[in-house]
Amino acid sequence: MKMKNITILGSILLGLFLARPIISARASTTDSTYTPQIEFLLTLMILVSILIAAIVFGMLIYIVVRFREGNNTVRKKIQNEMRLEIGWVIFATVIVISLFAASLPATTSYFSERKDYDEEILIVAYQYNFTFVREDNSFTVGYVEIEVHKVYMLNITSTDVIHSFYSHELSIKLDMVPGRYNIIYLQVRTPGTYEVHCAEYCGFGHYSMEAKIIVT
Ligand SMILES: [Cu+2]
């Protein structure tokens, strides 16, 4: 086998080897109705990134070895190589368009309105906590209790600076902007306690700005 082929094969195998733990870590027990699509997208992005990194580093290693000092390979200057130029423009465009197409089902369901929700919860962020206001005007600070499989309309806002409502485990993230009400629908499929963190640097206490969604 030629040196070139060995290098390409080696990089792909290395890429797959590195991808394994990442993929199995991604298939964790995170659980809202958005989770399968979001996790699929993340895994796809990681795989595509690894593939591109493998190609780039594979070529880099190949070039370093082949054109090292003292190796008398023929060195050719490549200039105005139209086929090569068109090739990588098409390659990059196809990748970007494919990723866009793959992300459409997730983004559509993420932002589509649901008329069948059971309850609206107003979530107000402030430095440095979250308040959850229920339809009967009762409220809790730092945690909220909801029921499994029920659909909740989360109406999200902030009283001071921009925060972000982020739960990795439930695959949701939405900006909390003063003077604006952003809406996302949440339906959790597994009972448990899920963590929420502020995902927008909002000041000194940002690190401790968190809440719990308790699903029973
Ligand atoms: Cu914050």
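About the thresholds
- Residues numbered from 1 in each chain as written.
- Predicted model: local features only at pLDDT ≥ 70, side-chain atom pairs only at ≥ 80, totals over all residues.
- Buried ≥ 20, exposed ≤ 12 C-beta atoms within 10 Å, placed from the backbone.
- Helix = DSSP H or I, 4+ residues; strand = E, 2+ residues; numbered from the N terminus.
- Pairing = 2+ DSSP bridges.
- Axes fitted to C-alpha atoms, helices over the stretch in contact; angles between N-to-C directions.
- Core = buried A, V, L, I, M, F, W, Y, C linked by C-beta atoms within 7 Å.
- Contact = placed C-beta atoms within 7 Å.

Enquirer: How do you make sense of the pairing of strand β2 (residues 129-133) when you look at a structure like this?
Expert: Here is the key point about a regular strand: its side chains alternate between the two faces of the sheet. Here β2 shows one buried face, formed by Phe130 and Phe132, and one open face, formed by Asn129, Thr131 and Val133. Bridge count between strand β1 (residues 119-126) and β2: 5 bridges; the pairing is antiparallel. The residue bridging alanine 125 from the neighbouring strand is phenylalanine 130, located in β2. Hairpin connection, β1 to β2: the antiparallel pair is bridged by 2 residues.

Enquirer: Even after reading the chapter, I still don't get the sheet that holds strand β9 (residues 192-198), so can you show me in this structure?
Expert: Think of a sheet as strands paired side by side through backbone hydrogen bonds, with each pair either parallel or antiparallel. Spatially, the 5 strands line up as an open sheet ordered β4-β10-β9-β6-β7, and their pairing is mixed. The open sheet has two free edges, formed respectively by β4 (143-146) and β7 (172-176), since each of these has just one partner strand. Shown here is a sheet whose adjacent strand axes are inclined to one another by a mean of 20°, direction ignored.

Enquirer: Even after reading the chapter, I still don't get the nonpolar core, so can you show me in this structure?
Expert: Nonpolar side chains in soluble globular proteins tend to end up buried together. Grouped together as the largest cluster of nonpolar side chains are 27 residues, with contacts concentrated most on Ile123, Leu186 and Ile213. Elements with a contribution of two residues or more to this core: β1, β2, β4, β5 (151-158), β7, β8 (182-187), β9 and β10 (210-215). Sequence-distant contacts of isoleucine 123, that is, excluding residues within four places in its chain, are made with Phe130, Phe132, Leu154, Asn155, Ile156 and Phe165.

Enquirer: Before we go on, may I ask you to explain the sheet that holds β5 in this structure?
Expert: Sheet architecture is open: 5 strands sit in the order β3-β2-β1-β5-β8, paired in mixed fashion. The sheet terminates laterally at β3 (139-141) and β8, the two strands that pair on one side only. Taken pair by pair, the neighbouring strands of this sheet meet at an average axis angle of 25°, ignoring direction.

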